[in-house]
Structures are given as C-alpha cells and as structure tokens.
Amino acid sequence: MPELPEVEHAATCLRAWLVGRTLDRVRAPASRVLRGASPITLARKLRGRRLRAVDRRSKYLLLRFDGDVGLLAHLGMTGKWVLRARGETPPPHTRLTLETGARAVHYVDPRMFGRLALHAAGELDALPEIRVIGPDPHREKVGGALLAARLGKTRRAIKVALLDPRVIAGIGNILATEALWRARIHPARPATSLGSAELAALARAVRASIRLQMGTLEAASDATYLSEDASHNPFLAYGRVGEPCSRCATPFLTMVLGGRGSAFCPTCQVAPRTSRTARATRGRASVRGPGSLP
C-alpha cells in the first residue's frame, strides 16, 4: 500500500507533468474508484481546466484546478499515477486519463481500492477526512514531545497507534515497522509505556525511515511498490522476516497487530512483559521465509 513517501513522490510527479497545463481531453471509464460524479460529469468538469496546484495531506492528493474545481485522490492499495505519450496504449487497469498536449497522465489501479472524488477546490481542506489528519512528519518538526501529545493516554500497541492518521500523518505498515526497529521498540508495547527518550528516538526513526524511502524514489519516473518488486527493498527491518537482524544477527520474527503483519527483532526489540496486547499477540508470532513481506 502506498505510504507517505510514495504519495509525496506522486505529488511531485503530478506537479512536473501537469501544473500550469490545460486538460484538453479527459477519459474516465466507469469504476468504483470514481466517487460523487459519473464518468461523463467528471470528464466534463475537468476538461478545459488548468491545474493550479497539487497538495498532499497524509496519503491524500488534492488537485486544484481553475474555476474552483478540485479533485481528491487517494491511491488505496495499488493506485499510482503514470506518464505516457499521448496516443500510446493506456496501461492496464487505467481508471482516469488526463491529456494535455503530447502528454497523457493515467491513474492506474488494479484492485480499485483508490478513490477519485470531485469537490470545489476551495472546500478540499475542509473535508472531514482531511481535517482530522495529524502532523506531517515530512513537513513538520515531529519530535518526541509532539508525538507524546498526539498519543495522549492511549494504551493501544504503539504500532497500531502509529498507523492512525489522526496521530501522525502518512505512516503505514512499512514505515512503522522500520521506525520501531530503528528505535528498538517492540511493536506491541502500549503507547503509554514509552518514556520521553524512547519517544524522541521513535520520532527520529520515523523521519529517517521517510528519508530512506524518499531517496529511493527520487530517480524513479513511476513509483514501484515493494509488493510489486521486493528486490528493491531498501529497508533493514520491513520485508526481512527470517533474515538476520543487521544489528545482532537474530532472525526477524513477525506478529499480527491491528490486522497487519509486523516484523521485529526479538533481541533488539524487547517484548513487553505484562501488557495485555503482548499476551494476545505472542501466540501469533511466527517466522517466515527470507524476503517475505509481512
């Protein structure tokens, strides 16, 4: 599933491909990806509009066109934006095509868990799903004190809390798994059990994990997700179940938290001794083969 770095990369690409350009043709076959407008209405509203700006809020993209036309885009699990030459056969699973000059920008989504919704451009920031989003660790100074304030008194496992966009924006399974390993924090630790030094380390680890993935995307024209090509995995914990930890050589294990697999090192990330979460999840921890994605 695309996380903050992939969505930021998508925003960067869309700015380079489309900002300042006028759409002279829009094609949108019927699909469940389109929300709140028929394919005909969506094409009619966007055609002839000039894209003024592309913003990112957590994992959402906010496309603002002239005439107060806006498009809210969420990549879901398999969505991505790709650039092709106009007239070239669209990629499989294309759900929207924006054409301008010699360019065709396609929104591709095989599993159709993504979302494209028309709104007034001036209302995008006021949408309920946007207003509740927490601080953005790529753009804002998210340190230990801010993380403590956002976590409040929740006793949820820290891994589950990090996946809540109301706590911190854009963090998914990949970044949370990597950051917790870097900070030497077990994913099942109750959030309230973390001290100030641990929270500061976790905040630094989140930022470092984002920088790592952003660096791998800078030279890419189209985003490639780890679910598509695990050989390009730059992470030291995520996707390393069964492999030796680079710090201590203990094989990574995995456990299920909040319905998601979570890789961890049982030596570097000490399990909580008395937490209800740990007791509930310990029996589901299991070793998988090297290179498998949790």
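One can find the structure itself at the top, above this paragraph.
Reading the values: the criteria
- Each chain has its residues counted from 1, following the order in which its sequence is written.
- In keeping with the model being predicted, local features are shown solely for residues with a pLDDT of at least 70 and side-chain atom pairs are shown and tallied solely at 80 or more, while totals for entire chains, interfaces and linings include all residues.
- Note: side-chain values were computed over all heavy atoms of the structure, leaving out hydrogens and water.
- To define a nonpolar core, start from buried Ala, Val, Leu, Ile, Met, Phe, Trp, Tyr and Cys residues and group those joined through side-chain atoms within 4.5 Å.
- Burial status follows relative accessibility: with a 1.4 Å probe on protein chains alone, a residue under 20% of its type maximum counts as buried, one over 50% as exposed, and anything between as partly exposed.
- Elements are defined by DSSP. Helices are runs of H or I of four residues or more, strands are runs of E of two residues or more, and each kind is numbered from the N terminus.
- A pair of strands counts as paired when DSSP detects no fewer than two bridges linking them.
- By the convention used here, residues are in contact when the closest approach between their heavy atoms is within 4.5 Å.
- Orientation is described by axes fitted as lines to C-alpha atoms, over the contacting stretch for helices, and by angles from 0 to 180 degrees between their N-to-C directions.
- Counted as salt bridges are all cases of a side-chain nitrogen of Lys or Arg within 4 Å of a carboxyl oxygen of Asp or Glu.
- Angles below 35 degrees are treated as roughly parallel, those above 145 as roughly antiparallel, those between 65 and 115 as roughly perpendicular, and all remaining angles as oblique.
- In the scheme used here, Gly and all other residues not listed as nonpolar or charged are polar, with Ala, Val, Leu, Ile, Met, Phe, Trp, Tyr, Cys and Pro taken as nonpolar and Asp, Glu, Lys and Arg as charged.

Caption draft 1: Region of interest: the nonpolar core. Ranked by internal contacts, the top residues of the largest apolar core, which has 33 residues, are Leu14, Leu46, Leu61, Trp81, Leu96 and Leu116. Going through the elements one at a time, α1 (4–18), α2 (39–46), β3 (51–57), β4 (60–65), β5 (69–74), β7 (94–100), β8 (103–108) and β9 (115–120) are the ones with two or more residues in this core. At 7 residues, α1 tops the list of elements feeding residues into this core. If you look at the next biggest cluster of nonpolar residues, it comprises 28 residues, including Ile158, Ile168, Ala183 and Ala205.

Caption draft 2: Up close: the sheet that holds β5. The 5 strands lie next to each other as β2-β9-β5-β4-β3, forming an open sheet whose pairing is mixed. Each edge of the open sheet carries a strand with a single partner, namely β2 (34–35) and β3. Pairing of β2 with β9 involves 2 bridges; the strand directions are parallel. In the sheet register, leucine 34 faces β9, and the bridge partner there is leucine 116. Lying over the sheet, α1 contacts β3 and β4, oriented at roughly 175 degrees with respect to β3. In the packing of α2 onto the sheet, contacts are made with β2, β4, β5 and β9, and the angle to β9 comes to roughly 55 degrees.

Caption draft 3: Main features of the sheet that holds strand β6 (residues 80–85). Spatially, β1-β7-β8-β6 is the arrangement adopted by the 4 strands of the open sheet, whose pairing is antiparallel. Looking at which strands have only one partner, the edges of the open sheet turn out to be β1 (25–27) and β6. Neighbour-to-neighbour, the strand axes of this sheet turn through a mean angle of 15 degrees, independent of strand direction. Sheet analysis places β7 next to β8, joined by 6 bridges and oriented antiparallel. Each residue of the ladder has a partner; that of leucine 98, found in β8, is valine 105.

Caption draft 4: Highlighting the pattern of salt bridges. With the rule as written, the count across this model stands at 15 salt bridges. One salt bridge in this structure joins arginine 56 and glutamate 8, with 2.5 Å as the shortest N-O distance. Of the two residues, arginine 56 is situated in strand β3 and glutamate 8 in helix α1; the sequence distance between them amounts to 48 residues.

Caption draft 5: View of the packing of helix α4 (residues 144–151) against helix α7 (residues 196–217). Orientation of α4 relative to α7, taken along the N-to-C sense of each, is 105 degrees, at an axis distance of 8 Å. Here α7 runs roughly perpendicular to α4, going by the angle between their axes. Mapping the contact onto sequence places Gly144, Leu147, Ala148 and Leu151 in α4 and Leu199, Ala200, Leu202 and Ala203 in α7. For the contact of α4 with α7, the residue count by class is 7 nonpolar, 1 polar and no charged.

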